[in-house]
Amino acid sequence: LLLLLEATLLQLASSSHHPFYNGFYYNHIMNDMGNGQDKDYFNGARLVVETSKDPVYSYNGANVTLPCHYHYEPDLGDKRKIRIKWSKLRDDYTKEQDVVVAIGKTYVSFGDFKGRAHIHRASRHEASLVISDVHLKDDGKYRCEVIDGLEDESDVVDLRLQGIVFPYQPPRGQYRLNFHEAEQVCQDQGAILANFNQLFQAWSEGLDWCNAGWLADGTVQYPIRLPRKPCGGVHLAPGIRSYGPRHRHLHRFDAFCFSSALRGEVFYLDHLAGMTLEEAKQSCQDAGAEIARVGHLYSAWKFLGLDRCSAGWLADGSVRYPIVNPRPNCGPSEPGVRSFGFPSKGRFGVFCYKER
């Protein structure tokens, strides 16, 4: 153990003179006059980077600005050439992906953010990130990194999408989805797999569900408001029950999906004798719309106050209806989206979705 400790200390000591590498090369830093002379950035000024301490809230399809500003202590006064780098982080603050890098007025965006992300620099020391057409997967933590020569400081801001978490089982029944199938069924319903923060927020707003489901990080969890024997036992406090990480191919559970506010509207159609599923799909098309997905219905219920005590088909073959104001003959005494499951026969109305 002592030999291992000594070797580690020697290795750290021998490497301490090497600068931290974060995607930029520092060995040829030019001064602002562009005359080719190296400029010493070690001048006693401290670089400070600040972002919003509170989460920034947005929704699917919107444009959002994540604020970031920097300054020097003491103030250097003159304009300096700096690099700005934004990265999206995992929950443990390790880097998930590059978003955008900017040097002066030149910037490059990466991956899914290409064409959607740029740096907003309305003031002298601003380095804010603008994301256009926000996607569901944009929810999460972002690091604003400012590099001035060998000085490198950063801060983190949290982007949260206003949305709703809903449990999902496929037509073939409970606990039939591996992780990758769970990702796909959520996508099919106009949603994505929820992350833990989204599930926790839903639990704090009243979600109680005794069936375990996949989350985006590959863990399996479920939210309990009212402890009971089949759901971890009556002696456990309310909270999020966790099975921890599961095998993404072999293990099978349900899914917790996350959907945000809609870009369009959900409306109900019916015929006197009701409709089959195929007739329902055609009716929506005739109205210039598409048959709604489960995520559309949940979002319309939560964000648009959709309240309809009439069952209707959805795209996955399920029959559901949304209740904001509970009343007799409309299900339980709590608001929610009621489900009739996946009937193989029967005639119902239909919920249609039309994007604005």
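Remember, predicted model here, so these are calculated numbers, not experimental data. (Residues numbered from 1 in each chain as written. Predicted model: local features only at pLDDT ≥ 70, side-chain atom pairs only at ≥ 80, totals over all residues. Heavy atoms only, no water.)

With that out of the way, let us pick up the overall build of the protein. A tally of helices and strands in the protein yields five helices and 23 strands. Among the 356 residues that make up the protein, the fraction classed as buried is 44%. For the protein, the share of sequence-separated contacts (at least 6 apart) that also reach a separation of at least 24 residues comes to 61%. (Helix = DSSP H or I, 4+ residues; strand = E, 2+ residues; numbered from the N terminus. Buried < 20%, exposed > 50% of the residue type's maximum accessible area, 1.4 Å probe, protein only. Contact = heavy atoms within 4.5 Å.)

The next thing to look at is the pattern of salt bridges. Tallied over the entire structure, the rule returns 18 salt bridges. Across the pair Asp 138 and Arg 116 runs a salt bridge, and its minimum N-O distance is 2.9 Å. With Asp 138 in the loop between strand E9 (128–131) and strand E10 (140–148) and Arg 116 in the loop between strand E7 (106–109) and strand E8 (117–120), this pair connects stretches of sequence that are 22 residues apart. The residues Asp 138 and Arg 116 share a single accessibility class, namely buried. Salt-bridge contacts for Glu 181 lead to Arg 252; the nearest nitrogen and oxygen are separated by 2.7 Å. Of this pair, Glu 181 sits in helix H2 (residues 179–188) while Arg 252 sits in the loop between strand E16 (239–245) and strand E17 (254–260), and the two are 71 residues apart along the sequence. A single network of salt bridges, built from pairs that share partners, joins Lys 85, Lys 95 and Asp 98. (Salt bridge = Lys/Arg side-chain N within 4 Å of Asp/Glu carboxyl O.)

Our focus in this paragraph is the sheet that holds E9. By definition, the strands of a sheet pair up through backbone hydrogen bonds, in either a parallel or an antiparallel sense. Taken together, three strands build an open sheet; the order of strands is E3-E9-E8 and the sheet is antiparallel. One side of each edge strand has no neighbouring strand; the edge strands of this open sheet are strand E3 (64–66) and E8. Ignoring strand direction, the axes of neighbouring strands in this sheet form an average angle of 30°. Bridge count for E8 against E9 is four bridges, and the pairing is antiparallel. Paired with His 118 across the two strands is Val 130, which belongs to E9. (Pairing = 2+ DSSP bridges. Axes fitted to C-alpha atoms, helices over the stretch in contact; angles between N-to-C directions.)

Below, the discussion takes up the sheet that holds E7. Strand order in the open sheet formed by six strands is E2-E11-E10-E5-E6-E7, and the pairing between neighbours is mixed. The sheet terminates laterally at strand E2 (56–58) and E7, the two strands that pair on one side only. Averaged over all pairs of adjacent strands, the angle between their axes in this sheet comes to 25°, without regard to strand direction. Two strands pair when backbone bridges link them, and strand E6 (residues 95–103) and E7 are joined in this way by four bridges, in the antiparallel orientation. Paired with Val 100 across the bridge in E7 is Ser 109.

Okay, the side chain of Ser 299 next. For Ser 299, the location among the structural elements is in helix H5 (residues 294–303). Looking at Ser 299, the relative accessible area reads 1%, which means it is buried. For Ser 299, the side chain forms a polar contact with the side chain of Ser 259, separated by 2.8 Å. Setting aside its immediate chain neighbours within four residues, Ser 299 contacts Ile 164, Ser 259, Ser 260, Leu 262 and Leu 304. (Polar contact = N/O pair within 3.5 Å; in protein donor to acceptor, adjacent residues only side chain to side chain.)

What follows deals with the nonpolar core. Among the nonpolar cores identified, the biggest contains 85 residues, and Leu 66, Trp 86, Leu 129, Ile 131, Tyr 142 and Phe 351 are the most heavily contacted of them. The biggest single contributor to this core is H5, with five residues. (Core = buried A, V, L, I, M, F, W, Y, C linked by side-chain atoms within 4.5 Å.)

Here the amide bond leading from Glu 73 into Pro 74 is cis, since omega sits at -5°, within 30 degrees of zero. Positionally, Pro 74 belongs in the loop between strand E4 (68–73) and strand E5 (83–89). The backbone of Tyr 93 shows a phi angle near 75°, a positive value even though the residue is not glycine. Within the secondary structure, Tyr 93 is located in the loop between E5 and E6. Classification of Tyr 93 by relative accessible area gives partly exposed; the value is 43%. The backbone of Asn 329 shows a phi angle near 70°, a positive value even though the residue is not glycine.

Going residue by residue along E4, you find Cys 68, Tyr 70 and Tyr 72 tucked away on one face and His 69, His 71 and Glu 73 left uncovered on the opposite face. Here six bridges tie strand E1 (residues 46–51) to E4, and the two strands are oriented antiparallel to one another. Each bridged residue has a counterpart across the sheet, and for Leu 47 the counterpart in E4 is Tyr 72.

Here the focus is the environment of Asp 133. Along the chain, the position of Asp 133 falls in the loop between E9 and E10. The spacing of Asp 133 and Gly 61 is 72 residues in sequence and 4.4 Å in space, taken between C-alpha atoms. For Asp 133, the residues in contact, after removing those within four places along its chain, are Gly 61, Ala 62, Asn 63, Arg 116 and Arg 263. Within the local environment of Asp 133, its side chain forms a polar contact with the side chain of Arg 263, the two groups lying 3.0 Å apart.

Scanning the entire structure with this criterion turns up 14 aromatic pairs. With 4.7 Å between their ring centres and 10° between their planes, Phe 166 and Tyr 298 make a pair best called stacked. With Phe 166 in strand E12 (residues 163–168) and Tyr 298 in helix H5, this pair connects stretches of sequence that are 132 residues apart. Among the residues examined, Tyr 298 registers a relative accessible area of 12% and is labelled buried. With a centroid separation of 5.6 Å and 70° between ring planes, the pair formed by Tyr 175 and Phe 253 is classed as edge-to-face. Note that Tyr 175 is positioned in the loop between E12 and H2 and Phe 253 in the loop between E16 and E17, a separation of 78 residues in sequence. Assessed through its relative accessible area of 28%, Tyr 175 is described here as partly exposed. Since its relative accessible area comes to 10%, Phe 253 is described here as buried. Pairwise contacts between aromatic rings join Tyr 175, Phe 179, Trp 214, Tyr 222, Tyr 243 and Phe 253 into one cluster. (Phe/Tyr/Trp six-rings, centres within 6.5 Å; stacked < 30°, edge-to-face > 60°.)

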